Amino acid sequence: MFADRYTAPKQSTVNVLSRFKGLILLQLEAGLRCAEPDSIFCLRYESFMIRNISMCGIVGLFLKQSFLEPELGALFSEMLICMSSRGPDSAGFAVYGAPAPSGKLKVILQHSDPDFDWSAIGFALEKRFRDKPSVEVNSTHARLLVKTDAQSIRSFLDEYFPEVRIMSVGRRIEIMKETGSPESVVERFSLQRIAGSHAIGHTRMATESAVTTEGSHPFSTGVDLCLVHNGSLSNHNRLRQRLCREGIEFHTENDTEVAAGYFAWQMANGATLKEALEAGLKDLDGFYTFTVGTEDGFAVLRDPIACKPAVLAETDDYVAMASEYRSLANLPGIEGARIWEPEPAVVYNWSRVERGEVASKNGDRIGVSDFAPSSETPEASSDKRAFRSNGVTA
Amino acid sequence: MMFTQTVDLAKTSVRALNQRLHELKAERDEEHWRILNPRGVHAIACGLRVPVTVEIEGHAGYYCAGMNQEATVIVHGNVATGVAENMMSGIVHVNGNASQCAGATAHGGLLVVEGDASARCGISMKGIDIVVKGSAGHMSAFMAQTGNLVICGDAGDALGDSIYEARLFVRGGVRSLGTDCIEKEMRPEHLKALETLLKRAGCDARPEEFRRYGSARRLYHFQIDNASSY
């Protein structure tokens, strides 16, 4: 009779649950009999909870008001460092700062040797593309401003400088990440002094792959796009193979890189960010809270059974996201903020759109889709810009 | 005479606070404590064993008032995962919302949530009484063994999945029932118990407005015939 329940699950929550429970019951079958009703179940339950609430931290801060932009790095540093207990082994962040001059792109590169001679790359680019980049070094990372397109730069660096890692490419995005405590990573890159409109970050407790710079988050998923992930995916090997056949390149064994590659692949095939995230609900198996950074905003998505924590806070001045409320406790005006937990399997996003362009750009602009604003996340507006915030049940 | 101790968590660590609370003797007169600036830190007022009253002035983090015995803990704010986890007795009263696993595995006492509770409220509960004045999220009362869960608003997906003998009362809608959870007849003894519980929680809802859910008792023992369908 209850067999029917499992063969025809009505919705995804029940579907995922039945798989989880199936695992427990199969263990029972293997000889562990249920003498006390709670014994084996509670052991499983407790390990399930410990595993799923305490590992990795993610934070995001999106400023609605430009007067706060010089403060972004300082506010965001504190949020990130607060998540050290959830992710002590490495940290990283993506900051969306002032756009590159017209016709240019910001390329952020990393080399494990802090004394690496970046001018060699500048010289090689000049020779190859007649594009003399300006180079600015920040610890192990360097920021190049180039005129050449993203794909040519990637191919060129892969061929001639394979030891150099490309952190991000875009008009506004700058990704920096390293191993070490979140505090040391913040210090290394002087994050407190970086200005911008929004930032997302991650503190890592590695479970699925090694503690390395390239295994740290965020993962860049395309021009001005990046992803941070709290959780673990169980079908990443199979999915990686599938995406490799589609021509997506991977540089690590990391599960989050597969999710990033998956979203990039969906969007390259014409999906909007919202559609890509919703498709992920079907194709990505595992636990996740994702935060995606876009050129003008950010999006949050939790898996259908909401294993991984997330808290959102919104005021007239900002929207902030974190794994735990602790990270939000020092933000200005938090006492008056609206604070809530994002619903499972619901895409939330916020973006800055120039006033008057909202309607016409809804269909094609990354980060703003054609779904109706929900009552949970009402629209807010200010003098110069309009903001849209949307929640929709997938 | 009531003697109030005030502890500011901006100046004192949670560990030091909890140590002081653990050292209290039942006959001591430091019966009322105010905790300032909790700022979402974890494990505030965990493992209390004497009948003191602790008021937390702000949002609390994970496992607030976990393992509570005898004490009354009042939170003037929201609480994160696992409030009153494994509570044995006493009262925990949350004036805001509660995150997931509120009252998880708790054996006794009363947990009142004035706002909403999110997923897995009362998971594996073993005798606690929980009154949620708002709504509760998915998988509430998962594998709940005994005790009462009262939801004055709506319940999310898979309410009471794999439930044992806990009693569930819901005033609003139920998005879906979990496996082996069914609606049951509301008999006079249930109305009476519910009335008492609502009164203790300071809730003016009428018992007749609720519907009762519980176990169909078909999942108690593993059946090899069903192995392929799990």
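### Things to note about the overall build of chain B
Counting its secondary structure elements, chain B contains two helices and eleven strands. Listing each helix as α and each strand as β along chain B from the N terminus yields β-α-β-β-β-β-β-β-β-β-β-α-β. Relative to the 2.2 N^0.38 estimate, which gives 17 Å for 230 residues, the radius of gyration of chain B is 18 Å and therefore close to what a compact globule would have. By its C-alpha atoms, chain B is 60 × 40 × 30 Å across when sized along the principal axes.

### Details of the overall build of chain A
Across its full length, chain A carries eleven helices and 18 strands. For chain A, buried positions account for 47% of its 394 residues. Pairs at least 24 residues apart make up 70% of the contacts formed inside chain A by residues separated by at least 6 positions.

### Some words on the packing of helix H9 (residues 255-268) of chain A against helix H10 (residues 273-283) of chain A
Residue and element names in this part refer to chain A. Packing of H9 against H10 brings their axes to within 9 Å, and their N-to-C directions diverge by 130°. With respect to H10, the axis of H9 lies oblique. Of the two possible hands of crossing, H9 and H10 adopt the one that is right-handed. Contacts between H9 and H10 involve Ala259, Tyr262, Phe263, Gln266 and Met267 on the former and, on the latter, Leu273, Glu275, Ala276, Ala279, Gly280 and Asp283. Class assignment of the residues belonging to the contact of H9 with H10 gives a composition of seven nonpolar, two polar and two charged.

### What about the sheet that holds strand E3 (residues 105-110) of chain A?
Residue and element names in this part refer to chain A. With respect to topology, four strands assemble into an open sheet ordered E4-E5-E3-E6, the strand pairing being antiparallel. Either end of the sheet is taken by a strand with one partner, and the two such strands are strand E4 (134-138) and strand E6 (165-170). Each strand axis lies, on average, 20° off the axis of its neighbour in the sheet, ignoring direction. Here E3 pairs with E6 via five bridges, running antiparallel. Within E6, the position partnered with Val107 by the bridge is Val169. Strand contacts of helix H6 (residues 150-160): E3, strand E5 (141-146) and E6, with the helix running at about 170° to E6, the strand carrying the most contacts.

### Concerning the sheet that holds strand E2 (residues 90-96) of chain A
Residues and elements named next belong to chain A. With antiparallel pairing, the seven strands of this open sheet are ordered in space as E7-E2-E8-E1-E14-E13-E15. Single-partner strands in this sheet number two, and they are strand E7 (173-179) and strand E15 (338-340). Averaged over all neighbouring strand pairs, the angle between strand axes comes to 10°, with direction disregarded. Two elements, strand E13 (residues 311-314) and strand E14 (residues 318-322), share four bridges in a ladder whose sense is antiparallel. Residue pairing in the sheet places Val311 in a bridge with Ala322 of E14. Together, strand E1 (57-63), E2, strand E8 (198-204) and E14 form the strand contacts of helix H4 (residues 72-82), whose direction differs from that of E1 by roughly 160°.

### What about the pairing of strand E11 (residues 211-215) of chain B?
Regular strands show a simple pattern: their side chains alternate between the two faces of the sheet. All names here are of chain B. Two elements, strand E9 (residues 167-170) and E11, share three bridges in a ladder whose sense is antiparallel. Of the residues in E11, the one forming a bridge with Val170 is Arg211. Relative to E11, strand E10 (residues 181-184) runs antiparallel, the two sharing four bridges. In the sheet register, Glu183 faces E11, and the bridge partner there is Tyr213.

### Here we look at the pairing of strand E9 (residues 219-222) of chain A
Residues and elements named next belong to chain A. As defined by bridge partners, E9 adjoins strand E10 (residues 225-233) across three bridges and the pair is classed as antiparallel. Bridging across to E10, Phe219 finds its partner in Leu227. Remark: two residues form the turn of the hairpin made by E9 and E10, two consecutive strands paired antiparallel; Asp224 in that turn has positive phi of roughly 60°.

### Some thoughts on unusual backbone geometry
In this structure, the amide linkage connecting His217 of chain A to the following residue, Pro218 of chain A, adopts the cis form with an omega of 0°. In this structure, Pro218 of chain A sits in the loop between E8 and E9. Unusually for a residue other than glycine, Tyr63 of chain B sits at a positive phi of about 55°. Of note, Tyr63 of chain B is situated in the loop between strand E3 (53-57) and strand E4 (72-75). Note on Tyr63 of chain B: 24 C-beta atoms within 10 Å, which makes it buried.

### Describing the confidence of the model for chain A
Residues and elements named next belong to chain A. Taken as a whole, chain A shows an average pLDDT of 80; of its residues, 76% reach a score of 70 or greater. At the level of individual helices and strands, chain A shows its lowest average pLDDT in helix H11 (residues 358-361), which scores 28, and its highest in H4, which scores 98. Every residue in residues 1-43 is under pLDDT 50, and counting partners more than four places away or in other chains gives 60 contacts. Low pLDDT, under 50, characterises residues 354-394; the stretch is placed with 78 contacts to residues that sit more than four places away or in other chains.

### A short note on the environment of Gln65 of chain A
All names here are of chain A. Within the element layout of this structure, Gln65 appears in the loop between E1 and H4. When the 16 C-beta atoms within 10 Å are taken as the criterion, Gln65 is described as partly exposed. Spatially, the C-alpha atoms of Gln65 and Tyr318 are 7.1 Å apart, while their sequence positions differ by 253 residues.

### Quick look at the confidence of the model for chain B
Looking at chain B, pLDDT values average 94 and 97% of them are 70 or higher. The ipTM for the predicted assembly is 0.91, set against a pTM of 0.84.

### Considering the environment of Glu209 of chain B
Residue and element names in this part refer to chain B. Mapped onto the elements, Glu209 comes out in the loop between helix H2 (188-200) and E11. Using a count of 12 C-beta atoms within 10 Å as the deciding quantity, one classes Glu209 as exposed. Sequence-wise, Glu209 and Gly47 are 162 residues apart; in three dimensions their C-alpha atoms are separated by 36 Å.

### Some remarks on the environment of Arg212 of chain B
All names here are of chain B. Position of Arg212 relative to the elements: it lies in strand E11. According to the C-beta neighbour criterion, Arg212 is partly exposed, with 18 such atoms within 10 Å. Those residues in contact with Arg212 that lie beyond four places of it in its chain are Arg167, Leu168, Phe169, Glu183, Lys184, Met186 and His190.

### Observations regarding the packing of helix H8 (residues 236-245) of chain A against H9 of chain A
Residue and element names in this part refer to chain A. At their nearest, the axes of H8 and H9 sit 10 Å apart, and the two run at 40° to each other. Of the possible angle classes, the one that applies to H8 and H9 is oblique. In this structure, the crossing between H8 and H9 has a hand that is left-handed. Along its contact with H8, which presents His236, Leu239, Arg240 and Leu243, the element H9 presents Asp255, Val258, Gly261, Tyr262 and Trp265. Across the contact of H8 with H9, the residue classes tally to five nonpolar, two polar and two charged.

Definitions and cut-offs
Residues numbered from 1 in each chain as written. Chains lettered and ligands numbered in written order. Predicted model: local features only at pLDDT ≥ 70, side-chain atom pairs only at ≥ 80, totals over all residues. Helix = DSSP H or I, 4+ residues; strand = E, 2+ residues; numbered from the N terminus. Rg over C-alpha atoms; globule rule 2.2 N^0.38 Å. Buried ≥ 20, exposed ≤ 12 C-beta atoms within 10 Å, placed from the backbone. Contact = placed C-beta atoms within 7 Å. Axes fitted to C-alpha atoms, helices over the stretch in contact; angles between N-to-C directions. Parallel < 35°, antiparallel > 145°, perpendicular 65-115°, else oblique. Left-handed = near helix turned anticlockwise from the far one by under 90°. Nonpolar A, V, L, I, M, F, W, Y, C, P; charged D, E, K, R; others polar. Pairing = 2+ DSSP bridges. pLDDT = per-residue confidence, 0-100.

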